[in-house]
Amino acid sequence: YKDIELLIRWFAEYCKNHDDRFLVLWAGIHPKLASDTVYMGKYNSYRALAEDSIPSGQYSWVWFVDDKDIPSYYSGADLTIYPYKVALASSGPMAISIWYHTPFVASECFAPYFEEYPALIFESNISGIVDVLTRDLSGIQWTIDTLYNERVWDKVSKKTSALYG
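All residue numbers refer to position in the chain's written sequence, counted from 1. With pLDDT at 70 or above as the cut-off, local features in this predicted model cover only qualifying residues; side-chain atom pairs require 80 or more to be listed or tallied, and sums for whole chains, interfaces and linings still use all residues. Heavy atoms from the whole structure form the basis of all side-chain values; hydrogens and water molecules are not counted.

Trainee: Break down the sheet that holds strand β3 (residues 80–82) for me, with residues and values.
Mentor: Taken in spatial order, the 3 strands of this open sheet run β3-β4-β5, and their pairing is parallel. Two strands close off the open sheet at either side, each with one partner strand: β3 and β5 (121–122). Alignment of strand β4 (residues 104–107) against β5, held across 2 bridges, turns out to be parallel. The residue of β5 that forms the bridge with Ser107 is Phe122. The rule for pairing is simple: two strands pair if DSSP sees at least two bridges between them. A run of H or I in DSSP counts as a helix once it spans at least four residues, and a run of E counts as a strand once it spans at least two, with each numbered from the N terminus.

Below, the structure is given as structure tokens:
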């Protein structure tokens, strides 16, 4: 449901004209699926696609990240990109982006959840992601800060209490 292939193909095209950019692919093998041949075949095809299409100095394939290292990744990122094909539920990585005030953009499957914040949404194709990088990130940063302020625990707990109170 996460369109890693789109992200790899987009970045391969994008970095042809932007050799100063770097992509971190945070995609470890899921421990419960490591023996699944179909899963591993798809996973390995993504790794091969990245190796074949993105210059080696412009990306890093990161396995699972230890909890203590998560702040470094998010605080060091200019932007996080969520090219999901389907929004199954809430996204943990997206919530972490909000927590660390890290700008993010998401594919159009998240549009119903961010109707008030259309700057966060891109079309799920290469030109849609390219469009993201022409946007003013300060506007996206303002949106992330607003989302953070809407979701601080004090406010969420009061809303939850009102629902069940």
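Trainee: Go over the layout of surface pockets, please, and point to the residues and values.
Mentor: Lining residues are those with an atom within 4 Å of a point, where the points come from a 1 Å grid over the protein atoms alone and group into cavities, where a 1.4 Å probe fits but cannot get out, or pockets, open sets with protein on both sides within 12 Å along at least five of seven lines. Grid points are joined across faces, edges and corners, and a volume is the space filled by probe spheres set on the points. If you add up the space inside the largest pocket, you get close to 1600 Å³. Lining the largest pocket are 44 residues, with Leu7, Val24, Leu25, Trp26 and Ile81 positioned closest to its centre. Of all the secondary structure elements, the ones that give two or more residues to the lining of the largest pocket are α1 (4–14), β1 (23–26), α2 (37–53), α3 (70–76), β3 and α4 (92–99). Counting residues per element, the lining of the largest pocket draws most heavily on α1, at 5 residues. Following the grouping adopted for this structure description, the nonpolar residues are Ala, Val, Leu, Ile, Met, Phe, Trp, Tyr, Cys and Pro, the charged ones are Asp, Glu, Lys and Arg, and the polar ones are all others, Gly among them. Looking at side-chain class alone, the lining of the largest pocket contains 33 nonpolar, 5 polar and 6 charged residues.

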